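Observations on the three-dimensional arrangement
For reference, the chains in residue letters:
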Amino acid sequence: MSTELTTGTAASRERGFYRALVIRRQLILAGLTLALGLSLCVDLALGPARFGLGEVIAALVTPDAVSQQARVILWDIRMPVALMALVVGASLSIAGAQMQTILSNPLASPFTLGISAGASFGAALALAFGVVLVPAAVDYVIPLNAFVMAMLTAFAIHALSMRRGVTIETIVLLGIAMVFIFNALMALIQFFASQQAVAAVVFWTMGSLTKATWPKLWIALGVLVSVLPLLARHGWALTAMRLGDAKAESLGVKPRALRLEVLVLVSLLAAIAVAFVGTIGFIGLVGPHIARLLVGEDQRFFLPGSALCGALILSVGSVLSKVILPGTIIPIGIITSLVGIPFFLFLVLSHKKASW
Amino acid sequence: MVTLTLDRLSARYGRRRILSEITTPAFAGGQVVALLGPNAAGKSTLFRRILGLLDGDGEARIGGATAERPVAYMPQDTGANAVLTVYESVLLARMQGRSLKVRDEDLGEVERALGDLGIAELGERDIGDLSGGQRQLVSAAQALVQAPEILLLDEPTSALDLYRQISLLSILRRLARERQMLVIAALHDLGHALRFTDQAMVLESGRLAACGPTERVVTPELLRRVYRVDARIEPCSRGRPQLIVEEAV
């Protein structure tokens, strides 16, 4: 009798603890969303023509209530760039989160598997030699080249991963091999290209949001919105993957099939993101780690948490890129690494528990 | 009542044959079956073959099951260090193949599994902070929470202290009887097999060396032939059979 009472009390305490944990995580996600909204408004407000936050919010809520000049600047010029920061940040961070999950590797990110390096090579081919892999409007030649090379890299890794006996360590090694191959090819392009072309390639690889337009934004957003539910559908299985293949398999997950499916989905996310804004390496690695520290690895929270963290980092990076040197927009890839990495190190070193 | 019958069950890794034509009578719900055999005899492979994770000839026939997924499996590997609490990691096992929405019933099952194994107080702990033995108990809870009709346990007591070994096996035997669940546990401690299991099947180099009621299967002759040890089996002061190992042959 007393044992039953003790067990019952322990159970109700455990349920209370679990419910509190869920509420805390929901609050963290809500807090991140609020921060993201604020960052978006500040990002819109900053630029050669400065607006107050009140004006920005008025322009967002009732566009007709503000001057035409403000409406054009905020909606037509700055909004696609600011929203692109959110979409690309979320896409890269989700891609990194799921790569870390399916490869059981804390270093995994779109960079690790050579997807970003492939994209850079594709872009460099167009920038340096005018090579067009897929005929398209001028504005889309470089992104399409980058996208095609990134996806070819992903499919090469996918095809090799399907071979019998290939382990997750082998997949990571294949990715690293891809990175080195593309780096060598990039060096080769820079060796033969004109000085002007080399400068363009270098600038592209720094990552920049400034070429964002509404059509490009819709494409990136469309891919993100399509991929998210496909990943969320596997939420429980992906969480189980973090316990290792043997454990996941014992729970009814098919690790190999899931790994291959998720690899294709996140490659698509990363390829689109990198194609439009260039290589921004830091977010795919760090966004998921910050999310993990904040909301744990239950994918119901980890997936949106990673998306929000990635979007917030890139949005804040976009703000900082405008304010550090007034009048100059520093390439976003430089800012996110310079400012974000010390912040990330602080988080990791101040956190008592190791997650890997 | 659920039954499991192995019919000429074989398994191979590539071209290498690991299990050869294992045939057993039907094991029924309510029983605890010991899966015995020296290292590399094919015990884990047999579990994986029953689960359909490996290819091979023959079949593992399940009769009388009512659940969609009647079999739960606890592997030897207790899992990596994810950022999850014990409660979450057991809930995760419960929710596989279900929607993302967690119902009160699911939480109830998690608490029941933790309570059954006497580890409710571990619920709030991060799985990365647990000892090997605690992880093994959590792993057992992850299998139990699936409300299986057939429970396969691969060396469930290997990391446990003596008290917890006996406690876990007693709990499993009680649950098997109460829930008419068939429990098959790979064990290395033949004393435990004699004390806690009804039936035993013994593997030797991928073949079935013996199968039947445990006290008839675990004999000095079998121990000498399969385990290469000289041993006696004598009743203890409470009348239970106990194994006394003399020496390696």
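The structure displayed is predicted, hence computed values, not measured ones.

1. Some remarks on the overall build of chain A
The secondary structure content of chain A amounts to 14 helices and zero strands. Listing each helix as α and each strand as β along chain A from the N terminus yields α-α-α-α-α-α-α-α-α-α-α-α-α-α. Rg of the C-alpha trace for chain A: 22 Å, near the compact-globule value of 21 Å for 356 residues, within the 12% margin. Oriented by its inertia axes, the alpha-carbon framework of chain A measures out at about 80 × 55 × 35 Å.

2. Comments concerning the overall build of chain B
Looking only at helices and strands, chain B features eight helices and 13 strands. For chain B, whose C-alpha radius of gyration is 18 Å, the value lies close to the compact-globule estimate of 18 Å for 249 residues. In terms of overall dimensions, chain B has a C-alpha envelope of 55 × 45 × 35 Å along the principal axes. Relative to its 249 residues, chain B shows a buried fraction of 45%. Here the contacts in chain B between residues at least 6 apart in sequence split such that 64% fall between residues at least 24 apart.

3. Considering the sheet that holds strand S5 (residues 32–36) of chain B
Residue and element names in this part refer to chain B. A sheet is described by the order of its strands in space; here six strands give the open sequence S7-S8-S9-S5-S10-S11, paired in mixed fashion. A strand with exactly one partner marks an edge of an open sheet, and here the two such strands are strand S7 (71–74) and strand S11 (207–213). Pairwise comparison of adjacent strand axes, ignoring direction, gives a mean angle of 15° for this sheet. With six bridges joining them, strand S10 (residues 199–204) and S11 adopt antiparallel strand pairing. The residue bridging Met201 from the neighbouring strand is Cys211, located in S11. The sheet contacts of helix H1 (residues 43–50) involve S5, S7, strand S8 (150–154), strand S9 (182–186) and S10, and relative to S8 the element is tilted by about 150°.

4. So, the nonpolar core
Met84, Ala150, Leu269 and Ala271 of chain A together with Val90, Ala141 and Val183 of chain B are the most contacted members of the largest nonpolar core, which has 182 residues in total. Looking at this core, the element that brings in the most residues is helix H3 (residues 68–103) of chain A, giving 17 residues. Of the domains in this structure, domain 1 (1–70 + 148–214) and domain 2 (82–142) of chain B are the two that each give at least three residues to this core. Ala150 of chain A has contacts with Ile115, Gly118, Ala119, Gly122, Ala270, Ala271, Val274 and Ala275 of chain A, leaving out every residue within four places of it along the chain.

5. Observations concerning the interface of chain A and chain B
Taken together, the contact between chain A and chain B spans 33 residues of the former and 31 residues of the latter. Breaking the side of chain A that touches chain B down by element, the ones donating at least two residues are helix H1 (2–45), helix H9 (235–241) and helix H10 (245–250) of chain A. For the side of chain A that touches chain B, the element with the most residues is H1 of chain A, which contributes seven residues. In the side of chain A that touches chain B, the residues fall into 14 nonpolar, nine polar and ten charged.

6. Thoughts on the packing of H3 of chain A against helix H12 (residues 281–295) of chain A
Residues and elements named next belong to chain A. Viewed as axis vectors pointing N to C, H3 and H12 meet at an angle of 75°, and their least axial separation amounts to 7 Å. Here H12 runs roughly perpendicular to H3, going by the angle between their axes. Along the contact surface, H3 presents Gly89, Leu92, Ser93, Ala95, Gly96, Ala97 and Gln100, while H12 presents Ile283, Gly284, Leu285, Gly287, Pro288 and Ala291.

7. Structural notes on the packing of helix H8 (residues 214–233) of chain A against helix H11 (residues 255–277) of chain A
Residues and elements named next belong to chain A. Following both chains from N to C, one finds H8 and H11 inclined at 160°, their axes separated by 10 Å at the closest point. What the angle tells us is that H8 and H11 run roughly antiparallel. Judged by the twist between their axes, the crossing of H8 over H11 is left-handed. On the side of H8, the interface is formed by Lys216, Ile219, Ala220, Val223, Leu224, Val227, Leu230 and Leu231, while H11 contributes Val262, Leu265, Leu268, Leu269, Ile272, Ala273 and Phe276. Counted by class, the contact of H8 with H11 contains 14 nonpolar, no polar and one charged residues.

8. Examining the domain arrangement of chain B
Residue and element names in this part refer to chain B. Under the domain assignment, chain B is made up of domain 1 (1–70 + 148–214) and domain 2 (82–142). For domain 1 versus domain 2, the distance between C-alpha centres works out to 23 Å. Across the contact, ten residues belong to domain 1 and seven residues belong to domain 2. The dominant element in the side of domain 1 that touches domain 2, judged by the number of residues it contributes, is helix H5 (residues 162–179), at five residues. Its residues placed into classes, the side of domain 1 that touches domain 2 shows seven nonpolar, one polar and two charged.

9. Re helix H13 (residues 299–323) of chain A
With 25 residues, H13 of chain A should cover 36 Å at 1.5 Å per step; its first-to-last C-alpha distance of 35 Å lies within 8% of that length. For H13 of chain A, a buried count of 23 out of 25 residues is recorded, marking the element as mostly surrounded by other parts of the structure.

10. Here we look at the sheet that holds strand S1 (residues 3–7) of chain B
Residues and elements named next belong to chain B. Pairing is antiparallel in the open sheet, where three strands are placed in the order S4-S1-S6. Two strands in the sheet have a free side with no partner beyond their single neighbour: strand S4 (27–28) and strand S6 (59–63). When S1 meets S6, the two strands line up antiparallel, connected through five bridges. Paired with Thr5 across the two strands is Arg61, which belongs to S6.

11. Some details on unusual backbone geometry
The bulk of non-glycine residues show a negative phi, and the bulk of peptide bonds are trans. In this structure, Ser104 of chain A takes a positive phi of about 45° despite not being glycine. When the 20 C-beta atoms within 10 Å are taken as the criterion, Ser104 of chain A is described as buried. With phi around 50°, Gln180 of chain B is a residue other than glycine that occupies positive phi space. Relative to the helices and strands, Gln180 of chain B is located in the loop between H5 and S9. Residue Gln180 of chain B is classed as partly exposed on the basis of its C-beta count, with 15 C-beta atoms lying within 10 Å.

12. Points about the environment of Leu53 of chain B
Take Leu53 of chain B: it is sitting in the loop between H1 and S6. Contact partners of Leu53 of chain B, with chain neighbours within four places excluded, come to Glu249 of chain A together with Arg48 of chain B.

13. Quick notes on the pairing of strand S12 (residues 229–235) of chain B
Residues and elements named next belong to chain B. Direction of pairing for S12 relative to strand S13 (residues 241–248): antiparallel, over a ladder of seven bridges. Looking at the pairing, Pro235 lines up with Pro241 of S13. Joining the antiparallel neighbours S12 and S13 is a turn of five residues, in which Gly239 adopts a positive phi near 85°.

14. Describing the environment of Gly30 of chain B
Residue and element names in this part refer to chain B. Tracing the backbone through its elements, the reader meets Gly30 in the loop between S4 and S5. A residue is classified by how many C-beta atoms lie within 10 Å of it, and Gly30, with 17 of them, is partly exposed. As a C-alpha pair, Gly30 and Arg164 span 134 residues in sequence and 22 Å in three-dimensional space. Setting aside residues no more than four positions away along its own chain, Gly30 makes contact with Ala176, Arg177 and Gln180.

What counts as what
- Residues numbered from 1 in each chain as written.
- Chains lettered and ligands numbered in written order.
- Predicted model: local features only at pLDDT ≥ 70, side-chain atom pairs only at ≥ 80, totals over all residues.
- Helix = DSSP H or I, 4+ residues; strand = E, 2+ residues; numbered from the N terminus.
- Rg over C-alpha atoms; globule rule 2.2 N^0.38 Å.
- Buried ≥ 20, exposed ≤ 12 C-beta atoms within 10 Å, placed from the backbone.
- Contact = placed C-beta atoms within 7 Å.
- Pairing = 2+ DSSP bridges.
- Axes fitted to C-alpha atoms, helices over the stretch in contact; angles between N-to-C directions.
- Core = buried A, V, L, I, M, F, W, Y, C linked by C-beta atoms within 7 Å.
- Domains from an automatic or database assignment.
- Nonpolar A, V, L, I, M, F, W, Y, C, P; charged D, E, K, R; others polar.
- Parallel < 35°, antiparallel > 145°, perpendicular 65-115°, else oblique.
- Left-handed = near helix turned anticlockwise from the far one by under 90°.
- Expected span 1.5 Å × (residues − 1).

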